[in-house]
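Understanding the architecture of this molecule
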Amino acid sequence: MKSLSSILCAAFLLIFLLPGCASVTVSDYEGRTPELVLETFFDGPLTAHGVVKNRSGKVIRYFTAEIRAWWDGPVGTLDETFVFDDGEVQRRLWKLTREGKGRYTGTANDVVGTARGEVAGNSFFMEYVLEVPYRGKSLEVTIDDRMYLVSPGVLVNESEMRKFGIRVGEILLVILK
């Protein structure tokens with residue numbers, strides 16, 4: 001027969017530790033301010049400044065980006081030019097489409113298929129598969145993009161990169177309006 005202390009210990013683990021295992025969703029930020037309205041923030045010129053980390057967390061690249069953004073009805077265009085510390089230049093042309101209350105889809109020249117995203121409160125989460133140049137070839141990685149509006153002109157973006165479900169890197173950047 002199990003002792004009372006074993007039963008209490010198991011109950012403690014179930015009550016207090018398992019909820020911490022649940023993943024964070026964009027709806028967790030519902031009602032947070034300042035409210036992120038994609039059509040307002042991503043309109044006009046913006047700059048981005050960030051780092052790319054490998055799977056162990058070491059910064060392996062730095063970059064800046066110039067972003068030109070505009071909307072035509074429910075369709076937004078983000079024309080992004082990235083310049084990396086080694087001189088490499090990459091361009092990504094996003095087309096974001098508002099699909100309904102807080103929901104967006106997106107396509108880009110180096111995105112495989114369609115990105116799916118959702119806004120709630122001050123946050124925008126988007127998931128997609130990105131073709132990344134790697135050793136002269138192209139590698140497809142899944143991107144879990146999470147953006148947080150921390151003030152009207154500052155958006156913090158963290159992106160986790162996965163291949164076969166295994167974390168292979170991370171991108172951290174700040175976008176300034």
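Residues numbered from 1 in each chain as written. Predicted model: local features only at pLDDT ≥ 70, side-chain atom pairs only at ≥ 80, totals over all residues. Heavy atoms only, no water.

1. Let's talk about the sheet that holds strand β2 (residues 59-72)
Across a sheet, paired strands are connected by hydrogen bonds in the backbone, their directions being either parallel or antiparallel. The strand order β1-β2-β3-β4-β5-β6-β7-β8-β9-β10 describes a closed barrel built from ten strands, whose pairing is antiparallel. On average, each strand axis in the sheet is tilted by 25° relative to the strand beside it, whichever way the strands run. In this sheet, strand β4 (residues 89-100) lies alongside strand β3 (residues 75-84) in antiparallel orientation, the contact comprising nine bridges. Opposite G76, over in β4, you have L96 as the bridge partner. (Pairing = 2+ DSSP bridges. Helix = DSSP H or I, 4+ residues; strand = E, 2+ residues; numbered from the N terminus. Axes fitted to C-alpha atoms, helices over the stretch in contact; angles between N-to-C directions.)

2. Some remarks on the layout of surface pockets
In this structure, the largest pocket spans a volume of roughly 980 Å³. As for the largest pocket, its lining consists of 44 residues, and the residues nearest its centre are V52, L130, V132, M161 and I171. Counting only elements with at least two residues in the lining of the largest pocket, the list comes to β1 (44-54), β2, β3, β4, β7 (123-134), β8 (137-151), β9 (154-163) and β10 (166-176). At eight residues, the largest contribution of residues to the lining of the largest pocket is made by β7. Classifying every residue of the lining of the largest pocket gives 28 nonpolar, five polar and eleven charged. Counted as a void, the second largest pocket has a volume near 300 Å³. Broken down by element, the residue count for the lining of the second largest pocket peaks at three residues, all from strand β6 (residues 111-120). (1 Å grid on protein atoms, 1.4 Å probe; cavity = no way out; pocket = protein on both sides within 12 Å on 5 of 7 lines; lining within 4 Å. Points joined across faces, edges and corners; volume = space filled by probe spheres on them. Nonpolar A, V, L, I, M, F, W, Y, C, P; charged D, E, K, R; others polar.)

3. Re the nonpolar core
Formed by 35 residues in total, the largest nonpolar core has its most connected members in F42, W94 and I175. Of all the elements, β2 adds the most residues to this core, at five residues. Excluding its chain neighbours within four sequence positions, the residues that come into contact with W94 are G76, T77, L78, E80, G106, T107, A108, V111, A115, M126 and Y128. In this structure, V26, Y29, F125 and Y148 belong to the second largest nonpolar core, which totals five residues. (Core = buried A, V, L, I, M, F, W, Y, C linked by side-chain atoms within 4.5 Å. Buried < 20%, exposed > 50% of the residue type's maximum accessible area, 1.4 Å probe, protein only. Contact = heavy atoms within 4.5 Å.)

4. Focus: the pattern of salt bridges
Inspection of the entire model under this criterion finds twelve salt bridges. D86 is paired through a salt bridge with R61; the nearest N and O atoms lie 3.0 Å apart. Taken together, the positions of D86 in the loop between β3 and β4 and R61 in strand β2 put the pair 25 residues apart, joining distant regions of the chain. The exposed category is assigned to D86, whose relative accessible area is 55%. We note a salt bridge from R103 to E118, for which the minimum N-O separation is 3.0 Å. Separated by 15 residues along the polypeptide, R103 in strand β5 (residues 103-107) and E118 in strand β6 bring together distant segments of the chain. Judged by relative accessible area, R103 falls into the partly exposed class, the value being 47%. Taken together, the shared-partner salt bridges connect E160, R162, R167 and E170 into one network. (Salt bridge = Lys/Arg side-chain N within 4 Å of Asp/Glu carboxyl O.)

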